[in-house]
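Residue-level structure breakdown
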Amino acid sequence: MLSHKNMMYQVVNLHNVIAIPPKTQVISLLPPWHVYQLATSYYSYSWGITNRYSNVANFSNDLREHGCDFIVAVPLVIENLYKKVMQSVKKMPAARRNLVSFFLKASRSYVTATRVVKGLSLKHVHEPPSFLKLIACWLVHLFLGPIHALANALVYKKIRDQ
C-alpha cells in the first residue's frame with residue numbers, strides 16, 4: 001500500500017527524473033483518481049504547470065487543440081502512439097524514411113547522452129558514470145545537439161502537428 005510519504009516523495013523528487021519547466025503544457029490520459037496521476041498533478045500544481053485531462057477517444061483532438069510538451073500515460077498508450085508514427089514513416093519514400101530513421105537514431109543518442117550529462121540518467125542513480133563515460137556523453141551531447149535541433153524543426157514538428 002502506498003503511504004502519504006510515498007506520494008510526497010514522488011511530488012518532491014519528480015524533477016530529478018524529468019525536469020519540467022514552469023508554463024509547460026501536460027496532457028494526462030490517466031484518470032484523476034489514479035495514484036500516479038495524483039502525484040503528477042500535485043507536482044504540476046506546485047511548479048505552475050498546466051495539466052489537462054483527456055481520454056483515448058478525445059486525445060487526438062485535445063492534442064491538436066491544446067498541444068502539449070509532456071504526456072502522462074500508461075506505457076501501452078505511448079507504445080500505440082509510437083506504432084502509429086512508425087506506420088506513417090513506413091509509408092514514406094525510401095529516401096525520406098532513411099532520413100527520418102537517421103534523425104531518430106541521432107536524437108535517441110543525443111537524449112541519452114544529455115540525461116547522463118545533466119545527471120538525469122536512471123542508469124546512474126546509484127553509481128555515477130565514470131569520467132570517460134561522462135566525457136563521451138559530453139561529446140555526443142555537443143555534436144548531436146544541432147542534428148537533434150534540425151530534426152525537431154524538420155521532422156518532429158510535422159509529426160506532432162499530425
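Since the model is a prediction, treat every value here as computed from it, not as a measurement. (Residues numbered from 1 in each chain as written. Predicted model: local features only at pLDDT ≥ 70, side-chain atom pairs only at ≥ 80, totals over all residues. Heavy atoms only, no water.)

Time to look at a nonpolar patch on the surface. On the surface, Phe 131, Leu 132, Ile 135, Leu 139 and Phe 143 cluster together into a nonpolar patch covering about 600 Å² of accessible area. Structurally, the position occupied by Phe 131 is in helix H6 (residues 131-161). Judged by its relative accessible area of 63%, Phe 131 is exposed. (Patch = residues over 30% accessible without salt bridge, like charges linked within 9 Å, V, L, I, M, F, W, Y side chains within 5 Å. Areas by Shrake-Rupley, 256 points an atom, 1.4 Å probe, with all protein chains shown as cover. Salt bridge = Lys/Arg side-chain N within 4 Å of Asp/Glu carboxyl O. Helix = DSSP H or I, 4+ residues; strand = E, 2+ residues; numbered from the N terminus. Buried < 20%, exposed > 50% of the residue type's maximum accessible area, 1.4 Å probe, protein only.)

Below, the discussion takes up the packing of helix H1 (residues 4-17) against helix H2 (residues 35-47). The contact between H1 and H2 brings their axes to 9 Å, and the two run at 50 degrees. Considering the angle they form, H1 stands oblique to H2. The crossing of H1 and H2 is right-handed. Seen from H1, the contacting residues are Met 7, Gln 10, Val 11, Leu 14 and His 15; seen from H2, they are Val 35, Tyr 36, Leu 38, Ala 39, Thr 40, Tyr 42, Tyr 43, Ser 46 and Trp 47. Residue composition of the contact of H1 with H2, grouped by class: 10 nonpolar, 4 polar and no charged. (Axes fitted to C-alpha atoms, helices over the stretch in contact; angles between N-to-C directions. Parallel < 35°, antiparallel > 145°, perpendicular 65-115°, else oblique. Left-handed = near helix turned anticlockwise from the far one by under 90°. Contact = heavy atoms within 4.5 Å. Nonpolar A, V, L, I, M, F, W, Y, C, P; charged D, E, K, R; others polar.)

Looking now at the packing of aromatic side chains. Across all of its chains, the model carries 2 aromatic pairs by this definition. When the centroid spacing of 5.7 Å and the interplanar angle of 45 degrees are considered together, the rings of Phe 102 and Phe 103 count as tilted. Residue class for Phe 102 comes out partly exposed when judged on its relative accessible area of 46%. Since its relative accessible area comes to 4%, Phe 103 is described here as buried. (Phe/Tyr/Trp six-rings, centres within 6.5 Å; stacked < 30°, edge-to-face > 60°.)

With respect to the element layout, Ser 121 can be found in the loop between helix H5 (94-117) and H6. For Ser 121, the contacting residues outside a window of four places in its chain are Arg 115 and Val 116.

Let us look at H5. Here H5 spans 34 Å end to end across 24 residues, near enough to the 34 Å set by a 1.5 Å rise per residue. Restricting attention to buried positions, one finds in H5 the residues Val 100, Phe 103, Ala 106, Ser 107, Tyr 110, Ala 113, Thr 114, Val 116 and Val 117. At the exit of H5 stands Gly 119, carrying a positive phi of roughly 75 degrees. (Expected span 1.5 Å × (residues − 1).)

Attention now moves to the sheet that holds strand S3 (residues 70-72). Strand order across the open sheet formed by 3 strands is S2-S1-S3, with parallel pairing between neighbours. The two strands at the open ends of the sheet, each matched to only one other strand, are strand S2 (50-53) and S3. Within this sheet the neighbouring strands show an average axis-to-axis angle of 25 degrees, counted without direction. As defined by bridge partners, strand S1 (residues 25-28) adjoins S3 across 3 bridges and the pair is classed as parallel. Bridge assignment links Ser 28 to a residue of S3, and that residue is Val 72. (Pairing = 2+ DSSP bridges.)

The end-to-end C-alpha distance of H1, which contains 14 residues, comes to 20 Å, matching closely the 20 Å that a straight helix rising 1.5 Å per residue would cover. The axis of H1 is deflected most strongly, by about 40 degrees, at Val 11. Looking only at H1, the buried set comprises Met 7, Val 11 and Leu 14. Looking at the buried side of H1, the elements it contacts are H2. (Bend = angle between axes of the 7 residues up to and from the residue.)

This brings us to the confidence of the model for the protein. Residues shown with low pLDDT carry predicted positions that ought not to be read at fine detail. Considering every residue of the protein, the mean pLDDT works out to 87; 98% of them sit at 70 or more. Ranking the elements of the protein by mean pLDDT puts H1 last, at 80, and H5 first, at 94. (pLDDT = per-residue confidence, 0-100.)

Our next topic: the layout of surface pockets. Its boundaries defined by the atoms lining it, the second largest pocket holds a volume of some 300 Å³. Asn 16, Val 17, Gly 119, Leu 122 and Val 125 are the residues nearest the centre of the second largest pocket, which is lined by 15 residues in total. Every element with two or more residues in the lining of the second largest pocket is listed here: H1 and H5. Among the elements that make up the lining of the second largest pocket, the one with the highest residue count is H1 (6 residues). Of the residues assigned to the lining of the second largest pocket, the class counts are 9 nonpolar, 6 polar and no charged. (1 Å grid on protein atoms, 1.4 Å probe; cavity = no way out; pocket = protein on both sides within 12 Å on 5 of 7 lines; lining within 4 Å. Points joined across faces, edges and corners; volume = space filled by probe spheres on them.)

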